[in-house]
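# Understanding the architecture of this molecule
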Amino acid sequence: MKQELYIVKIGGNVIDNPEKLEAFLKDFSEIQKPKILVHGGGKLATKLAEKLEIPQEFFEGRRITNQETRDVAVMVYAGLINKNIVATLQKNKLNAIGFSGADANVIPAHKRPVKTVDFGWVGDVETEKINAEFITKVIAENVCPVFCAITHDGKGNLLNTNADTIASSLAVALSSDFDINLVYCFEKNGVLENIEDENSVISKIIPDTYAQLKENNIVNEGMIPKIDNAFAAIEKGVKSVFIVKETFLKKLINENDRTSGTEITK
């Protein structure tokens, strides 16, 4: 029987709120099962870019990453946020190590091809090339890997990469060695039927219900890429995907509590 592994992605407003992040990392450090943390941090990168007077461009909610913006993203994600998270986990007695995709060649990617728009230094993960063997060794040493949203192309270029995609790609790459549960944590209670009503959580989504939710415009636009990523991961061997409020994570994993959040499954 394969060992269980939780891959947890934290993002949204939690990363931008020092108190919420501190509380989340304390909870995360108290999870008794093998785990990996993946984080974003887009708002902090935008703030620093604005201070440095680097104009920020977006297309359909996705950042266009010119060279200066890429450099800011690397400084913020792989530097400030990643190292602060690792230091806070150490404070909470969880031995952790921070990675970008370039470290130990863990997450190779390629520059996104230009179609309707040139996204610049944005990376698309090459899931089949993820260094799963190395990551497995780190976990076996009882060290928790912490991944930021930076990958590399093997030609000396760092690439800005969507953290949700990194989390689902890691889940797929490690699914042959582990029973993977992928958990997306953010500030909402789960996938909501009504974005204005925190209690309108959809507790379970299967492919049929998802098609209906999209058809009836019930799922919030920003949630669609997350759910698409979730189903793609499940199709490729990931056991389950949860979308939960960050304060519920410890209950979900330590107590197997399913009373909150959204489970995405076949």
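Everything discussed here concerns the structure shown above.
Presented here is an overview of the structure given in this document. What you see is a predicted model; the values in this text were computed from it and never measured.

On to the pattern of salt bridges. Opposite charge on two side chains allows them to pair when their charged atoms are near. This model, assessed by the stated rule, comprises 15 salt bridges. For the salt bridge of Lys 251 with Asp 257, the shortest nitrogen-to-oxygen distance reads 4.0 Å. For Asp 257, a relative accessible area of 15% translates into the label buried.

Turning our eyes to something else, we now look at the packing of aromatic side chains. Tallying each qualifying case throughout the model produces five aromatic pairs. With centroids separated by 5.3 Å and ring planes inclined at 35°, the aromatic side chains of Tyr 210 and Phe 231 adopt a geometry described as tilted. Taken together, the positions of Tyr 210 in helix H7 (residues 207-215) and Phe 231 in helix H8 (residues 224-235) put the pair 21 residues apart, joining distant regions of the chain. Judged by its relative accessible area of 12%, Phe 231 is buried. Members of the aromatic cluster, each reached through a chain of ring pairs, are Phe 99, Phe 134 and Phe 147. Residue placement shows Lys 111 over the ring face of Trp 121; its charged tip is 4.9 Å from the ring centre.

Further remarks concern the pairing of strand E1 (residues 3-10). E1 sits mainly inside the fold: six of its eight residues count as buried. Sheet topology places E1 next to strand E11 (residues 178-186); eight bridges connect them, and they run parallel. Opposite Tyr 6, over in E11, you have Asn 181 as the bridge partner. In the sheet, E1 pairs with strand E2 (residues 35-39) via five bridges, with the strands oriented parallel. When the bridges of E2 are listed, Val 8 appears paired with Leu 37.

On to helix H3 (residues 42-51), then. Within H3, burial applies to Ala 45, Thr 46 and Ala 49. The arc enclosing the buried residues of H3, seen along the axis, measures out at 100°, which places them on a common side. Looking at H3, the residues exposed on the side facing more than 90 degrees away from the buried face are Glu 50 and Lys 51. Buried residues along H3 sit in contact with strand E3 (57-59), strand E4 (62-64) and helix H4 (67-91).

Another aspect to go through is the environment of Tyr 77. Mapped onto the fold, Tyr 77 is located in helix H4. Sequence separation of Tyr 77 and Gly 41 is 36 residues, and the distance between their C-alpha atoms is 6.3 Å. Aside from chain neighbours lying at most four places away, what touches Tyr 77 is His 39, Gly 41, Gly 42, Ala 45, Arg 63, Asn 82, Cys 148, Ala 149, Ile 150 and Asn 160.

Note that Thr 65 resides in the loop between E4 and H4. Residue Thr 65 is classed as buried on the basis of its relative accessible area, which comes to 0%. Looking at Thr 65, its side chain comes within polar contact range of the side chain of Asn 160, at 3.1 Å.

As a general point, the strands of a sheet are linked pairwise by backbone hydrogen bonds and lie either parallel or antiparallel. Here we have eight strands laid out as an open sheet, ordered E5-E8-E2-E1-E11-E13-E14-E12, and mixed in their pairing. In this open sheet, the two strands that pair with only one neighbour each are strand E5 (96-99) and strand E12 (204-205). Looking at chain direction, E5 and strand E8 (residues 144-147) are connected through four bridges and run parallel. Considered in E8, the bridge of Gly 98 is made with Val 146. This element, helix H5 (residues 132-140), spans E1, E2, E5, E8 and E11 of the sheet and lies at about 130° to E8.

Reading the values: the criteria
Residues numbered from 1 in each chain as written. Predicted model: local features only at pLDDT ≥ 70, side-chain atom pairs only at ≥ 80, totals over all residues. Heavy atoms only, no water. Salt bridge = Lys/Arg side-chain N within 4 Å of Asp/Glu carboxyl O. Buried < 20%, exposed > 50% of the residue type's maximum accessible area, 1.4 Å probe, protein only. Phe/Tyr/Trp six-rings, centres within 6.5 Å; stacked < 30°, edge-to-face > 60°. Helix = DSSP H or I, 4+ residues; strand = E, 2+ residues; numbered from the N terminus. Lys NZ or Arg CZ within 6 Å of the ring centre and 35° of its normal. Pairing = 2+ DSSP bridges. Arc of directions from axis to C-beta. Contact = heavy atoms within 4.5 Å. Polar contact = N/O pair within 3.5 Å; in protein donor to acceptor, adjacent residues only side chain to side chain. Axes fitted to C-alpha atoms, helices over the stretch in contact; angles between N-to-C directions.

Everything listed here is a matter of coordinates, which is why it stays silent on function.
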